[in-house]
Each structure stands twice: as structure tokens, then as C-alpha cells.
Amino acid sequence: LLLAGMHSLFGVFLFVFVVACVGDDSYVSLTKWNLANSVDIPAVMTGAQISQAEYNATSWMNISVPGTLMASLQRNGVYSDPYYSLNLLNVPRVQFSFAWWYRSVFDVPAVSADSHFVLRFEGINYRANIWVNGVQIANTSQIVGTFRFYDIPLQTGVHLSTGASNCIAVEVFRPYDSWTPPSNELTDLAISWIDWAPFAPDGNAGLWRNVSLRALGATSVDLRYPSITSKVAVDQQSANIEILVEAQNYLPSTVTGTMYLDIEGLGLFNKTVSLPSGNYQRIQFDSIQVEAPKLRLWWPWQMGSQEFYDFTVSFVDSKGMKSNILSSRFGIREATSKLTERGDRLFYINGQPILIRGGGWSSDLLLRYTPERQRLEMEYIRSMGLNAIRMEGKMEDNHFYSLADEFGILLMPGWACCDAWQHWSAWGDEQYLVARESLRSEVKRTRIHPSVLVFLYSSDELPPVSVESEYLAVFAEEHWPNPTLNSAAQVTSSITGPSGVKMSGPYVWEPPNYWLEDKNFKFGGAFGFLTEGGPGASPMVIESLQRTIPHDDMWPINFHWDYHCGNQQGLFGSLDYFTPPMYARYGEANSAREYLYKAQVAAYESHRAMFEAYSRNKYTSTGLIHWMLNNPWPAMIWHMYDYYLNPGGAFFGIKKALSPVHAVYSYTDSSVWIINSMYTGVENINLYAEVYALNGTKLNQKSQTQISITGDSSTNILTIPIETEGFFFVSLKLVNNSNSQTIDDSVYWYNSVPDVLDWMDSNFYLTPCSSYADLSALESLSPITLTSYCVDVSSEGDERTKLRCTIDNPTTTVAFFIHLRMMSNDGSVIAPIFWEDNMFTMFPNSSKTVEVSFPAQPWTLNVTLYNNETE
């Protein structure tokens, strides 16, 4: 048995496999399965019997794979929506302490009697015995590890029957992995949700990724795991690329022949090879020099276009017999990193620096996903202006990586903190094997993707030398073409040196001046590379809360709210770090609706300030990963958009902060900067800065015209004096001097007496405030009526409705924090939705036009504002 490409045992071959964008008709997904708990199967029944095609499984549940145990039960109606209310608490855990059986019956096409097939398991959580047609082909000592990929060779006449039904039966055992209590020594290297959410009742056990069967070609040689290493010249006019592919010969004797590599636009290349029986070989083609104009580089979306080369690899043996064709694509790009003079990690793409601005990814709590939702989330990520995703122990499928390639979003995969992945002192031989081969699986399947920036092989702590050495050996053996990080924390390894990153928090709300006031370079302020941190809570919009909590439990705040925060065994299982500051600054709320409207204001303010500060300080700041991007289920904390894809204050605050060319107000010194996040310059623009009183009276103004800004820059333009006492607004606007079109506009609100941070009382998740800025004057804004209209600008055949909506404030009152929603015919809010701008403020007698798109359907525009929602 080959485990993840290791040595042969027991005379059966088993290895890891995945190929990006495989184009091969012989690759067939096995999606139709049956599922049963072992307690419901007579004890006398064995795997040999259950895996016979004629076994009676009519009482078993019909399920689809991928599907964990809990996901399958939910889809079969055993449990109603587990994410609603407290339903998840009511799922009995004991049922998952027993083995569960997955069973699939399938037909094999008519082929020759000795044809070879490969049975692929892309994810089994956690241990399994596997039978095919009454024969056990793998056991729990061989099938162990959530993130390992397995390929099991099968042969007609030996394992499979042609022209008849065949059966696979998989006996699955759940993992035992937890982050709490901290003293636990569980060692199953699986998936835990740490303090993000409640635990999945089944431990996410089951066949959680694809299972497929592939017929090999006449040579019985399997080709897989393509890889590219690129070295881009300083002038970006040429690049050297090296293509590698793995080949495995399933015949009992050595096969010789020619490997062919055909690259779109670059030509046909070949290499003579000899493939011994059994173990796989890495076949590396001679390096290829690509010169302009044939050279088309892949870039993250802010830096350039996403260019790809399609290619195929095939093998023809000495007798002229052909293998299956491996089809894939690659992008030519080189990712590197170095330490700045301060010792901070700075990443480069094709020799150019990039300020990483992203969020921490979460899979669905039950590991359910669809290609459609993945695409929508990528669209949200790019819509906000982000360029990266960190994936802490939540590795998505190949489609996700291909989407990141397509969208120009950089990925930072890696292992999780706090659970078995960091219980190194309790590791034995099995854990070292699983850790090593899990990494090998992830490295092999992702190294072809230009979106993958770096692999973090530990999160919160530095791994021991023995563990780090094993990981580094895998990276070297598998020709990993990208940087690696020894930890997401600020540590120094005796092998690899300093990480160059920090994980200093915060994880809860902080005032907007926090990010620039951290001048001692000790905490989460806008310097260095913060791998995780942010202003914490981001409560849902009211429509999402209504889908999550029963009406009678919506107010006042209670355990239903807490349960939909972080894990109740962690520090972040409530809004206790968010509500007191919000009330102190904005005033108390008297209903869930009022609370959540104020929460959107507070989240917008805090999230915008963080991203603006890190952007303003480039490249003193080198990276920011907001904790987090999304949630595994409906939650009140740590997201930029909620589980239902409803964007709120955090989303629109970040989107504003990361506008391609953006004017930024600095809370600490009233300076105004222009941030250009694109890599092309902007010329002949005007900056207008104005200070307003609460009643809309203009108090001060300053401007600068005919400004030229270079690409990827941060420029201090002017300072706007704040000469008033108490509450004030600051309005910033960038205008194209050539056509008078507005490029960017922002409104800030603050008090001349700012929030006061108590730095001496800081910890890893919080710097408390000794006093708060008083923003409660906003409650005195009079209710007003705005006017609005929308023009449909959709093109014929569009799958999305596209509108241009104009909002007018014809009154003499400031319209604060206007929230636009599109409502469907049934009264529900439309999501996903893509607004050009939202949650904005309008001064008296002003007008604003924004564009919006959403899946085509009837709609009604709903306009609300702070003035009216906090009466």
C-alpha cells in the first residue's frame, strides 16, 4: 500500500492525487451513495458482505458525496435547519461515536480483462476501512488523516467486474480533535472550529470531498500533480519556467517511452523516460525560456491581468501505446518574500512589492459548499478591494483554487492553531506520518495554482525542530515553488529564522484611532504584517437576525445572540466587548432593529479605519489579514459579510477604505492622504476636504488641485484643521479635474475629544479605552424623507439586473448613514448583491448616484437612514 506516494506495503498501491482543471472523459465522479449508522446494521454483517452489489441496503439513506455525516443527515431531513436558533445544541452527539457506513453501487464500462482503474478519495475524515466487491483494499492504519488524498489502483478481473454492478463500502470513524480545554492532548489531525463557532456534532466525519473512478489508458500509466516553477526577469520581459509532473506505472514491469508536454503558444516538448513498476516518479522537463511577446505574466488583480497557458502532458510507450492525457493550465508568476529593515515580511509578485490586504477564510460548519457560492464569495472579496485570503486549517476544493486564479486573489493556506495540529508533545509516529503526508497532499495539489502565495505550516506557535524539519523536507521533495512561513506569530526558528509577521491582535472592538496610535510597535497597529486581527464583532443586519433567531427571542440580547457569536468555551462567545463601547459612544438601543443599525455604524467606522491605516502606512505596514472574512454559520462576530451573504457595515467600510484611489482622513493628526492601490498612476485630480457641524453647517474647508499620484502609493496631501468643540463631520472628495467626475468620496464622524486608549492594560485581544468619544449627538438628527429613483441599465440577456439609483436629500438636515436595500416580491432582502457604494452620508440639498447589480428578479428599493431608525 502506498500512502501519499510513500513506499509499497502489502502488495497494493495507494497514493495521493489531485489535478487542477483535469480534462479527461475517463474521470467519473461517484456521487450517489447510501449511508447508515453501524448500530443499525446487524453485528454479524461484515464489510465483505456489505460491499457486495447484491447486499440489501434499501433501508439506508440516499445521500450524495461529498457529504459529511451531519450534512447528509440534514439533507435527508433528519434534522431541520441546524443553524437556526439553538437547533445545533439538540443534535445528539453520541450517535457519531460509532462507525458509519458509506456504500455506492456503480457500473464499469466494458473494457479489456486486465484494464487498470484508479479509485480516488480526495478527503476521508478521519479513519476508514474500504472494501470493493467483498475484498478489503485498505484499513484504518492506512486510511487516516483528514487532508490526505488517496488513489487506490483497481483492476478488472481482480477487483472490478465489467458489464456488472460493482460496490464500494467505506466504514468511517470520526476524529477526536479539540482546542479546549488547553490541556487536552487529542491528536487526530483533523478540523476543529477553535473559538470561531460551536463544534460540528459529528467532528465533520465522513467522505467530505469528491470520490471518483478513473480508467487509465492503454499504458496503465497515470499522470498527475503538475507543477510549475517560474523565475521572472527583473525587466519582466522574459521568464524561465520548469514544468514537473508525476507519473506512476501500474504494470508489473518497467515501461519506457516518451513524455510529451504541449503548451499553448509555446510549443511541444518531450523527454525520454523509464518508469519502474509501482512507485511514482517526478518527471521534470527541461527548463523553457519564454520571451516577450509570448510571455504573458499572471498578476494579482490590482497589479495586472490574470494570464494563463493551457497545456497537456501525455506518455507514449516504446510500443506506441498512449496514456490518458493530463490537461491543465498554469500562470507564469514568481512569488518571493524578504524582511524589511524593521524585520517585517514583505511579499513580492514578479519582483514588485504588494501590500497584502485580506481576510481569514472559513468553510461551512458542515463542510457544505457549491461552486456557485464559491464564485459569489470571490466576487465579494474582489468587490471590497481585497487581494488575499488566509486559510487557517480550512482547505477548500480545487474549484476554489481555480477561482482564486481566475479572480487574481492570493491564497495563504496553512494549518490551524490550538488543536491537535499544535499538540506536538503528544505526537507519536502516526501523527508525524499524517502531518507529513497531509502537507504533501496539499503541496502537490496546489503548487500549480498561481494564486497560492505562501504556506503557513504552523499558526500560533513555532513547531519543534523535529516537526519543522519534516515539513521542510516535504516542501523540498515536492518542489514547492512559493515562500513558506514557520508560523503566523512573531517567532524565530533555529532553522528558518524570524517569521517576520505578528499575531498581536486585537480580536475585539477598538476605536478608529487605535491603528495609528500604536506608535510603540507592540500591538495590532498599522505596521508590519498582521496575520490575524481586527475590530471583532460585526453584528448581522436585521434581516439576517430574523432568519436566525425566533421572533420572541430577538430582544433583549440573550443566549440566542451569544450562541451565534463565537464558541461558548472561548473568550468571544458574546457581544460583551462590543455593546458597552457602542452604547457609550452612540447611545443605548431600545430594540433589536435599533441595536443592529447602530452596530452597522460602529462596524463601518472601525473596519474602515483599520484598512485605511494599514494602506496609509504602506510599506511600514506590509500586510493585514482581517479576522475574519466570513463565518462557518450565522454569527455576530468576525466577518465582512454574513452567512446569508448580506453585506453590512464592515463590508461597506472596508470597500470604502480599499477604493482603488482613495482619500483618507487620519484620526490622530487630521492629515489627509491619497492612497492608490492600483499599480498605474493617476494625474490631474483635485482633493476637497471639508468640516461640517452636526446641523450641516460648513465649518472649514481646504483643497489641493492638479495632483498627480504614482501607482501603489500613499501620499500625504494636506491637513484639515478641526477648530470646533464636540461632534463634527469630515467630508473628503476626489474629483477628476479633466471631466469633473467624482473618483472617491467619504464622510467621517468624530468628536474633538477622542477615544482614550489604555495601552498599559493591553492584552492579546484588547486594548481597553479609559474614556470614549461622544457620538451620541447623532441621535438628535431629525427624521427626514429622502427621494430616490432607479434606472435599469441591464443589457438584454443579462443574468443580473443592473440599476443606476439616485438618492436626493432635499432637506436642510444631514442624512446620516443611508442604507440601501433591494427587496424581493416576498419582502425579503435580496442577497447576494453588488453595490457600488452603500451606508453613506449626505449633506443638505445634495444628490448621490450609485450602481447596483443582483440576480435578475423583481425588486423594490428600500431606503433607511440613521435619523429615522434611532427615533
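Above this text sits the structure in question.
Residues numbered from 1 in each chain as written. Predicted model: local features only at pLDDT ≥ 70, side-chain atom pairs only at ≥ 80, totals over all residues. Heavy atoms only, no water.

Looking at this structure, how should I read the environment of Ser-72?
The topology assignment puts Ser-72 in helix α2 (residues 69–75). Along the primary structure Ser-72 and Asn-87 are separated by 15 residues, whereas in three dimensions their C-alpha atoms are 16 Å apart. (Helix = DSSP H or I, 4+ residues; strand = E, 2+ residues; numbered from the N terminus.)

What is the right way to look at the state of the cysteines in this model?
In a disulfide, the sulfur atoms of two cysteines are covalently bonded to one another. Scanning the entire structure with this criterion turns up two disulfides. The disulfide partner of Cys-790 is Cys-805, and the gap between their sulfur atoms is 2.2 Å. In this structure, the disulfide formed by Cys-790 and Cys-805 twists by about 105° around the S-S bond and is classed as right-handed. Taken together, the residues Cys-790 in strand β43 (residues 787–792) and Cys-805 in strand β44 (residues 800–809) connect sequence positions 15 residues apart. Assessed through its relative accessible area of 22%, Cys-790 is described here as partly exposed. A relative accessible area of 0% means that Cys-805 is categorised as buried. In the protein, the bonded cysteines, numbered by position in the sequence, are linked as 1-2, 3-4. (Disulfide = S-S within 2.5 Å. Buried < 20%, exposed > 50% of the residue type's maximum accessible area, 1.4 Å probe, protein only.)

Can you walk me through a nonpolar patch on the surface in this structure?
On the surface, a nonpolar cluster with roughly 270 Å² of combined accessible area is contributed by Val-39, Val-94 and Phe-98. Tracing the backbone through its elements, the reader meets Val-94 in the loop between α2 and β5 (100–107). For Val-94, a relative accessible area of 56% gives the class exposed. (Patch = residues over 30% accessible without salt bridge, like charges linked within 9 Å, V, L, I, M, F, W, Y side chains within 5 Å. Areas by Shrake-Rupley, 256 points an atom, 1.4 Å probe, with all protein chains shown as cover. Salt bridge = Lys/Arg side-chain N within 4 Å of Asp/Glu carboxyl O.)

What exactly am I supposed to notice about the environment of Ile-685 here?
With respect to the helices and strands, the residue Ile-685 is situated in strand β36 (residues 682–692). Those residues in contact with Ile-685 that sit more than four places away from it in its chain are Ile-674, Gln-704, Thr-705, Gln-706, Ile-707, Ile-709, Leu-734, Val-735, Asn-736, Asn-737 and Ile-743. (Contact = heavy atoms within 4.5 Å.)

How do you make sense of helix α6 (residues 465–477) when you look at a structure like this?
Owing to its 3.6 residues per turn, the α-helix brings residues three or four apart onto one side. The end-to-end C-alpha separation of α6 is 18 Å, in line with the 18 Å expected for 13 residues at 1.5 Å each. Among the residues of α6, Val-467, Glu-468, Tyr-471, Val-474 and Phe-475 are the ones counted as buried. Down the axis of α6, the buried set is contained in an arc of 120°. They therefore lie on one face. Looking at the buried residues of α6, the elements they touch are α5 (429–446), β28 (455–456), β29 (484–485) and β30 (492–493). (Expected span 1.5 Å × (residues − 1). Arc of directions from axis to C-beta.)

Any chance you could explain the sheet that holds β36 here in plain terms?
The pairing of strands in a sheet comes from backbone hydrogen bonds and takes either a parallel or an antiparallel form. With respect to topology, four strands assemble into an open sheet ordered β37-β36-β39-β40, the strand pairing being antiparallel. Whereas interior strands pair on both sides, the edge strands pair on one side only; in this sheet they are β37 (698–709) and β40 (742–751). Adjacent strand axes in the sheet meet at a mean angle of 15° when their direction is disregarded. Of the pairings in the sheet, the one linking β36 to strand β39 (residues 727–736) comprises eight bridges and is antiparallel in character. Bridge pairing in β39 places Leu-687 opposite Leu-734. (Pairing = 2+ DSSP bridges. Axes fitted to C-alpha atoms, helices over the stretch in contact; angles between N-to-C directions.)

I tried to follow the pattern of salt bridges on my own but got confused; where do I start?
Opposite charge on two side chains allows them to pair when their charged atoms are near. Considering all chains together, one arrives at 37 salt bridges under this definition. A salt bridge links Arg-440 to Glu-437; the nearest nitrogen and oxygen atoms lie 2.8 Å apart. Of this pair, Arg-440 and Glu-437 both sit in helix α5, separated by three residues, roughly a single helical turn. Linking Glu-478 and Arg-447 is a salt bridge whose minimum nitrogen-to-oxygen distance equals 3.5 Å. Linking Glu-478 in the loop between α6 and β29 with Arg-447 in the loop between α5 and β28, this pair joins segments that are 31 residues apart in sequence.

What should I look at first to understand the nonpolar core in this one?
Generally speaking, a soluble globular protein has its nonpolar side chains buried in company with each other. The biggest cluster of nonpolar side chains holds 269 residues, and the ones touching the most others in it are Leu-119, Phe-121, Ile-332 and Trp-749. The next biggest cluster of nonpolar side chains, apart from the first, holds nine residues, and it includes Ala-36, Ile-50, Ala-57 and Ala-169. (Core = buried A, V, L, I, M, F, W, Y, C linked by side-chain atoms within 4.5 Å.)

Teacher, can you tell me more about the side chain of Asn-34 here?
If you trace the backbone, Asn-34 turns up in strand β2 (residues 32–37). Residue Asn-34 is classed as buried on the basis of its relative accessible area of 16%. Among the polar contacts made by the side chain of Asn-34, one reaches the side chain of Asn-62 at a distance of 2.7 Å. With sequence-adjacent residues up to four places away left out, Asn-34 is seen in contact with Trp-60, Met-61, Asn-62, Ile-63, Trp-101, Tyr-102 and Arg-103. (Polar contact = N/O pair within 3.5 Å; in protein donor to acceptor, adjacent residues only side chain to side chain.)

What should I look at first to understand the pairing of β2 in this one?
If a strand is regular, its side chains alternate between the two faces of the sheet. Across the six residues that make up β2, a large majority, five, are buried. The pairing of β2 with strand β3 (residues 61–64) spans four bridges and is classified as antiparallel. Following the sheet pairing, Asn-34 is matched in β3 by Asn-62. For β2 and β5, the ladder comprises four bridges, and the chain directions are antiparallel. Paired with Leu-35 across the strands is Tyr-102, a residue of β5.

I would appreciate a short explanation of helix α11 (residues 592–616) in the present structure.
In this model α11 runs 35 Å from its N-terminal to its C-terminal C-alpha over 25 residues, within 8% of the 36 Å that 1.5 Å per residue would give. The element α11 is extensively covered by neighbouring structure, given that 24 of its 25 residues are classed as buried.

In this structure, what is going on with the sheet that holds β44? I would like to understand it.
On the basis of which strands lie adjacent, the open sheet formed by four strands has the order β43-β44-β48-β46 and antiparallel pairing. Lying at the two open borders of the sheet, with one neighbouring strand each, are β43 and β46 (834–835). Here β44 runs beside strand β48 (residues 846–855); their pairing, made up of ten bridges, is antiparallel. Along β48, the bridge assignment pairs Lys-802 with Ser-853.

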